[in-house]
Amino acid sequence: MKVKRLKRASRVLTFFRYKFGYIPPYSILLDGTFCQEALKCKINLREQLPKYLRDEGLEMFVTECESPLYGALCIAQQFKVAKCPHRPLRSAADCIAHMARRSLKNKEAENKKKKILYFVATQDSALLQKLRSLGGVPLMSIRYNAILLEKPSEESEKIAESSTTKNEPDELQRVKQLRKVELGEEAPKHRKREAKGPNPLSCKKKKKIQRNNDGGVPGAFGKRKKEDDKGEFN
């Protein structure tokens, strides 16, 4: 596994960890297209995904609405089934999109004790585009015979930026209050800087005129100029 690809995935994971609360152990929601592509490229998902995401405790799920082909079905049977409320069953793409939206709502609800935030692994381009526009969901697909974690979409970056700007004043107030409680003092006030004199080390010193024994000053090209009684040079 290339180091460059691992570093890129690490940057994406850091973004989703601090902006959207995705922390190990991760939960990955796979569909039949992803399993079929993994079978075609001979990728062992149970072995490669933990290495790629650097999480040995991650869990992989498929939805109840999933009805993959036989080859992909053999792979999907290894994973857990994420329960969905769809009766009758929907298409796999609609079900996964619903599960992703529901996981984001569970994240926002503070009274939820257990929050499951799903990564989505799929080869369905329409589903990927829908989840990119939703924002806040890490997306994975197989490209060039390797698993690839997509960089955050524009919508994800907008949501992260707006939430950071919104929470910034509250965070500053919280830090000030904690400092006042713990240290019993307010934040130090900035003192006005007083104007000081010039730095003596940066000032140029006056050059002393070197004189010869006869009172002359050596001029250019080794010539000497004589000083008259008035202090002028001839």
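What counts, and where the lines are drawn
- Residues numbered from 1 in each chain as written.
- Predicted model: local features only at pLDDT ≥ 70, side-chain atom pairs only at ≥ 80, totals over all residues.
- Heavy atoms only, no water.
- Helix = DSSP H or I, 4+ residues; strand = E, 2+ residues; numbered from the N terminus.
- Areas by Shrake-Rupley, 256 points an atom, 1.4 Å probe, with all protein chains shown as cover.
- Pairing = 2+ DSSP bridges.
- Axes fitted to C-alpha atoms, helices over the stretch in contact; angles between N-to-C directions.
- pLDDT = per-residue confidence, 0-100.
- Contact = heavy atoms within 4.5 Å.
- Buried < 20%, exposed > 50% of the residue type's maximum accessible area, 1.4 Å probe, protein only.
- Arc of directions from axis to C-beta.
- Polar contact = N/O pair within 3.5 Å; in protein donor to acceptor, adjacent residues only side chain to side chain.
- Core = buried A, V, L, I, M, F, W, Y, C linked by side-chain atoms within 4.5 Å.
- Phe/Tyr/Trp six-rings, centres within 6.5 Å; stacked < 30°, edge-to-face > 60°.
- Salt bridge = Lys/Arg side-chain N within 4 Å of Asp/Glu carboxyl O.

(A) Representation of the overall build of the protein within the structure. A count of helices and strands for the protein gives 7 helices and 8 strands. A total accessible area of about 17,500 Å² is found for the protein, and carbon and sulfur atoms account for 51% of it.

(B) The arrangement of the sheet that holds strand 6 (residues 146–149) in detail. Reading across the sheet, the 6 strands line up as 3-2-1-4-5-6 and stay open at both edges, with mixed pairing between neighbours. The two strands at the open ends of the sheet, each matched to only one other strand, are strand 3 (80–82) and strand 6. Going from strand to strand, the sheet's axes swing by 35° on average, the running direction of each strand aside. Sheet topology places strand 5 (residues 139–143) next to strand 6; 4 bridges connect them, and they run antiparallel.

(C) The confidence of the model for the protein, seen in detail. Confidence along the protein averages 78 in pLDDT terms, with 68% of residues attaining 70 or more. Low pLDDT, under 50, characterises residues 220–224; the predicted model gives this stretch 7 contacts beyond four residues in sequence or across chains.

(D) How the structure looks around helix 3 (residues 45–53). Of all the residues in helix 3, the buried ones are L45, L49, P50, Y52 and L53. Looking straight down helix 3, one finds that the buried residues subtend no more than 165° of arc, so they occupy a single side. Two or three places before R46, at the start of helix 3, stands the capping residue N44, its side-chain oxygen 3.3 Å from that residue's backbone nitrogen.

(E) Just the side chain of D31, in detail. On the secondary structure map, D31 appears in the loop between strand 1 (27–30) and helix 2 (32–40). A polar contact is formed between the side chain of D31 and the side chain of T33, at a distance of 2.7 Å. For D31, the residues in contact, after removing those within four places along its chain, are E66, I96, A121, T122, Q123 and D124.

(F) Quick peek at the nonpolar core. Counting residues in each nonpolar core, the largest one holds 52 residues, and the members touching the most others are I28, L30, L45, L53, M140 and L149. Looking at this core element by element, the count peaks at 7 residues for helix 1 (residues 3–20). Once you skip the residues sitting within four places of it in the chain, L53 turns out to touch L13, Y26, I28, L58, M140 and L149.

(G) Structural context of the packing of aromatic side chains. Across all of its chains, the model carries 7 aromatic pairs by this definition. Summarising the aromatic geometry, the rings of F15 and F16 are spaced 5.3 Å apart at their centres and angled 90° between planes, so their arrangement reads as edge-to-face. In textbook terms, an aromatic cluster arises when at least three aromatic residues are bridged by ring pairs, as seen for F15, F16, F20, Y22, Y26 and F119.

(H) Structural context of the pattern of salt bridges. Enumeration according to the criterion identifies 4 salt bridges in this entry. A salt bridge links K130 to D94, with the nearest nitrogen and oxygen atoms 3.7 Å apart. Placement of K130 in helix 6 (residues 125–134) and of D94 in helix 5 (residues 92–108) is noted, with a sequence separation of 36 residues between them. Residue D94 is classed as partly exposed on the basis of its relative accessible area, which comes to 35%. A salt bridge links E150 to R132; its shortest N-O distance comes to 2.9 Å.

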